[in-house]
Amino acid sequence: GSSTAKEPSSTILEPITPSILQNGEQIAELYQKATPYPHAVIDNFCIDGFLENILTELKHNSKVKFKETDLFRVYQSIDLGNLKDGSELAANMPNLMK
């Protein structure tokens, strides 16, 4: 058997900085030993420019509606959790779909 059979697809991992993936065991150990509760701070988690590209895609492709009640004012966008692969909106946001 191949050890790569259990690893996530390289496409899923593409936006993650390679050193993060290479140091996974060290990061897990730091997480477990952190105080006052288990936590980790991961600097430069994504490759340079990736999150900026997502922000640009969202600004250019999503529509928002202004909603107001006596308690709040908010701009509501589509539910990105329901964004489907193959949809026109998803095609316009390839970085977000990674």
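This is a predicted model, so every value here is computed, not measured. (Residues numbered from 1 in each chain as written. Predicted model: local features only at pLDDT ≥ 70, side-chain atom pairs only at ≥ 80, totals over all residues. Heavy atoms only, no water.)

### A short note on the packing of aromatic side chains
Geometrically, a pair of aromatic rings is defined through the distance of the ring centres and the angle of the planes.
Then, number 1: Counted according to the given criterion, the structure contains one aromatic pair.
Then, number 2: Between Phe66 and Tyr75, the aromatic rings sit 5.1 Å apart at their centres with planes inclined by 55 degrees, giving tilted as the arrangement.
Then, number 3: Given the relative accessible area of 44%, Phe66 is considered partly exposed.
Then, number 4: Using a relative accessible area of 60% as the deciding quantity, one classes Tyr75 as exposed. (Phe/Tyr/Trp six-rings, centres within 6.5 Å; stacked < 30°, edge-to-face > 60°. Buried < 20%, exposed > 50% of the residue type's maximum accessible area, 1.4 Å probe, protein only.)

### Structural notes on the pairing of strand E2 (residues 73-77)
Then, number 1: As paired elements, strand E1 (residues 64-68) and E2 share five bridges and run antiparallel to each other. Bridge pairing in E2 links Lys67 to Val74.
Then, number 2: Hairpin geometry of E1 and E2 is characterised by an intervening segment of four residues between the two adjacent antiparallel strands. (Pairing = 2+ DSSP bridges. Helix = DSSP H or I, 4+ residues; strand = E, 2+ residues; numbered from the N terminus.)

### Focus: the pattern of salt bridges
Oppositely charged side chains can form a pair if their charged atoms are brought close together.
Then, number 1: Inspection of the entire model under this criterion finds three salt bridges.
Then, number 2: In this structure, the salt-bridge partner of Glu29 is Lys33, at a minimum N-O distance of 2.9 Å. On the criterion of helical spacing, the pair formed by Glu29 and Lys33 is a turn pair, its members being four residues apart in helix H3 (residues 24-33).
Then, number 3: Of the residues examined, Glu29 reaches a relative accessible area of 43% and is grouped as partly exposed.
Then, number 4: Residue classification places Lys33 among the exposed positions, given a relative accessible area of 60%.
Then, number 5: Residue Arg73 is joined to Glu68 by a salt bridge in which the shortest nitrogen-to-oxygen separation is 3.0 Å. (Salt bridge = Lys/Arg side-chain N within 4 Å of Asp/Glu carboxyl O.)

### A closer look at helix H4 (residues 50-61)
Then, number 1: Taking 1.5 Å of rise per residue, 12 residues should cover 16 Å, and H4 covers 17 Å from first to last C-alpha, within 8% of that figure.
Then, number 2: Here H4 has its buried residues at Phe50, Ile54 and Glu57. Taken down its axis, H4 places every buried residue within 60 degrees of arc, on the same side. In H4, the exposed positions that point more than 90 degrees away from the buried face belong to Glu52, Lys59 and His60. (Expected span 1.5 Å × (residues − 1). Arc of directions from axis to C-beta.)

### Let's talk about the environment of Ile42
Then, number 1: Mapped onto the fold, Ile42 is located in the loop between H3 and H4.
Then, number 2: Spatially, the C-alpha atoms of Ile42 and Ile20 are 8.0 Å apart, while their sequence positions differ by 22 residues.
Then, number 3: Ile42 has contacts with Ile20 and Ile27, leaving out every residue within four places of it along the chain. (Contact = heavy atoms within 4.5 Å.)

### So, a nonpolar patch on the surface
Then, number 1: A cluster of nonpolar side chains, Val64, Phe66 and Tyr75, forms an exposed patch at the surface whose accessible area comes to about 350 Å².
Then, number 2: Tracing the backbone shows Phe66 in strand E1. (Patch = residues over 30% accessible without salt bridge, like charges linked within 9 Å, V, L, I, M, F, W, Y side chains within 5 Å. Areas by Shrake-Rupley, 256 points an atom, 1.4 Å probe, with all protein chains shown as cover.)

### Regarding the side chain of Thr17
Then, number 1: Mapped onto the elements, Thr17 comes out in the loop between helix H1 (10-13) and helix H2 (18-22).
Then, number 2: Engagement of the side chain of Thr17 in a polar contact is seen with the backbone oxygen of Cys46, the distance being 3.2 Å.
Then, number 3: Thr17 has contacts with Asn44, Phe45, Cys46 and Ile47, leaving out every residue within four places of it along the chain. (Polar contact = N/O pair within 3.5 Å; in protein donor to acceptor, adjacent residues only side chain to side chain.)

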